[in-house]
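# Coordinates in review
Each chain, letter by letter, is given below.
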Amino acid sequence: MSILDKESIFTSMLQDGPFSVKEMPPFVHPFSKEAKEWVSSLQEDQLMKTKYRAVRSQIFDFLGVTDFDEILSLIYNQSLRDSAAKRARILLGNMFGIVQSGQDVRRYLRDYAATADDVVNSLRAKVLAPYSSHIETTNEIETTHDPVDLLLIIFNEHFHKKARFEAKRKLVLMNLAGSIDQRERETDIEKKFSDFITFLNVYVWSPSCKIGDLKIHYLHSRHRDDDFSCEDVKVVSEDQAMQMKPVAGEKLTLVKRRTFRNKEREIPIYVTIRKKPPSAKVLKLLRKNEKNPATAVDDELGLMAVLNSVGDVKCFVRHLTRSAVHANSFMTLEDISDTLTGGEYTGSATGSSGKTPMLKFFARLGGMRVEFIIHTNRSYLNYIYQRDVAHDEYEVKRIFDTGVAEFLFPWDIYRLNMNEIRSRQIQRFRRRIEEW
């Protein structure tokens, strides 16, 4: 089910549905032409009528009012608005399990607002960078952090349609950010991330190296003309790389490598460890059309490793399980997918490519569940450079193909043709990838 379907759990955000933001706020006489047309549009859709009643009840309960007329009083009476905001912070604090003082709840809400802004700004910075000025959030909305103020903006005729839509969007994103924060506090993700780093430093990496001691090397690769996949790769030193001048079809890729010890051999490994930021988790919930991070975000902790050969990959996996035992924890590998030696990856994520070779699994150890993605030098270069496989292309495809781009920046407000932009952005990233 797409996030843009009428069955979407984010129906209230859709601009082609009954909850769309119009030129004027939804304050019309119950017997007016506009009201009659709106009611008529719902007559044959019981699901939409049920959703409307639920949204209306939520708005009234949140603001402490009984009808839409009372909302006008909150808009124009600062004292009433302050009381409503104070009451709302108590309700939200209890909903998200924030058992602290009112001032602390306000701090959490500001963090949720910052995450909501980060969602938009992260797309402005990369996937939609050429259109950054088109999708920039209205200043008054970006600087507003209180949920009551944002909700009242939706009903305030002094705000433009775009600003009122962005206020509603920010509320939806803040709600997702709050759910994610609650999940992180319940699972103690910060401590687990710290424990995972400690586990790697104490038990996995070679004791002959200091913590953070990374050796700089480069992967010098040649790529095929037809799909820019890696044809040949060799590891070169930093000094050797400085003497090279890559030509068309060649790449020099920096890798800062650690080592782990297998018997008497020191095996080099490039590692990047990831803890998804809240804004990335919000985007993932949107892509999956989900509001529950417990079911949709299963890769909060992750590690990507790159080794010289398939043989080194096997040594590393075995070293991991032995290291866990040394740390007094059994390690199990779950959801294993191995395409390093052939076959196609059958990922379910929209926009992903079946041509992506990798070893992927989840490791359960020490009370944690960590996603591991392991590459050889060749498969790693394909992961970042190959046409229809490169991760930069995948980022573009999944934002557009899941409907998230249109969801966050609907046509009738931003006037952006997302199908055309998708093609342009894929071409743009390809040009940047293949230049030398």
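So, here is what we can say about the structure in this document. (Residues numbered from 1 in each chain as written. Predicted model: local features only at pLDDT ≥ 70, side-chain atom pairs only at ≥ 80, totals over all residues. Heavy atoms only, no water.)

### Describing the overall build of the protein chain
Applied cut-off: Runs of H or I in DSSP of at least four residues are treated as helices and runs of E of at least two as strands, each being numbered from the N terminus. Under the scheme applied here, a residue whose accessible area is under 20% of the maximum for its type counts as buried, over 50% as exposed, and between as partly exposed, the area being computed with a 1.4 Å probe on protein chains only. Here, residues are in contact when the closest pair of their heavy atoms is within 4.5 Å. Reported accessibility uses the Shrake-Rupley method at a 1.4 Å probe radius. Residues are deemed covered only where the shown protein chains occlude them. None of His or the chain ends enter the tally, which takes Lys and Arg as positive and Asp and Glu as negative. Charge placement uses NZ in Lys and CZ in Arg. For Asp and Glu, CG and CD serve respectively.
Per the secondary structure count, the protein chain includes 18 helices and eight strands. Referenced to the eigenvectors of the C-alpha coordinate spread, the extents of the protein chain come out at roughly 80 × 50 × 40 Å. Classification of the 436 residues of the protein chain by burial places 49% in the buried group. Sequence separation of at least 24 residues holds for 70% of the intrachain contacts in the protein chain that already meet a minimum separation of 6. With the model as given, the accessible surface of the protein chain reaches about 21,900 Å², and the carbon-plus-sulfur share is 50%. Positive and negative side-chain charges in the protein chain, numbering 66 and 61 respectively, have mean positions lying 3 Å apart.

### Notes on the packing of aromatic side chains
Each aromatic ring pair is specified by the distance between its two centres and by the angle formed by the two planes. The condition is simple: A pair of aromatic rings is counted whenever rings of Phe, Tyr or Trp (Trp by its six-membered ring) have centres within 6.5 Å, and the orientation is called stacked for planes under 30 degrees apart, edge-to-face for over 60 and tilted otherwise.
Evaluated as defined, the whole model comprises 14 aromatic pairs. Ring centres 6.0 Å apart and planes at 45° place the aromatic pair Phe 68 and Phe 155 in the tilted group. A residue pair is termed long-range when its members are at least 10 positions apart, and Phe 68 in helix H3 (residues 68-76) and Phe 155 in the loop between helix H7 (147-154) and helix H8 (161-187) qualify at 87 residues. With a relative accessible area of 24%, Phe 68 lands in the partly exposed category.

### Considering H7
Within H7, seven of the eight residues are buried, which leaves the element mostly enclosed by the surrounding structure. Restricting attention to buried positions, one finds in H7 the residues Pro 147, Val 148, Leu 150, Leu 151, Leu 152, Ile 153 and Ile 154.

### What about the pairing of strand S1 (residues 215-223)?
Our working rule: Two strands qualify as a pair provided DSSP detects at least 2 bridges between them.
Bridge analysis of S1 against strand S3 (residues 250-262) gives eight bridges, and the strand direction is antiparallel. Paired with Ile 216 across the strands is Lys 256, a residue of S3. As paired elements, S1 and strand S2 (residues 230-237) share seven bridges and run antiparallel to each other. Residue His 217 lies in a different strand from S2, and its bridge partner there is Ser 237. The turn linking S1 back onto S2 is made up of six residues, and Phe 228 within it adopts a positive phi angle of 60°.

### Side note on the state of the cysteines
Test applied: Any pair of cysteine sulfurs within 2.5 Å is marked as a disulfide.
A complete count under the given rule lists zero disulfides for this structure. In this structure Cys 209 is a free cysteine whose sulfur lies 17 Å from that of Cys 315, the closest cysteine sulfur available. Judged by relative accessible area, Cys 209 falls into the partly exposed class, the value being 28%.

### Re helix H11 (residues 278-287)
In terms of burial, H11 is largely enclosed, as eight of its 10 residues are buried. Buried within H11 we find Ser 279, Lys 281, Val 282, Leu 283, Lys 284, Leu 285, Leu 286 and Arg 287. Looking at the residues trailing H11, positive phi occurs at Asn 289, about 55°.

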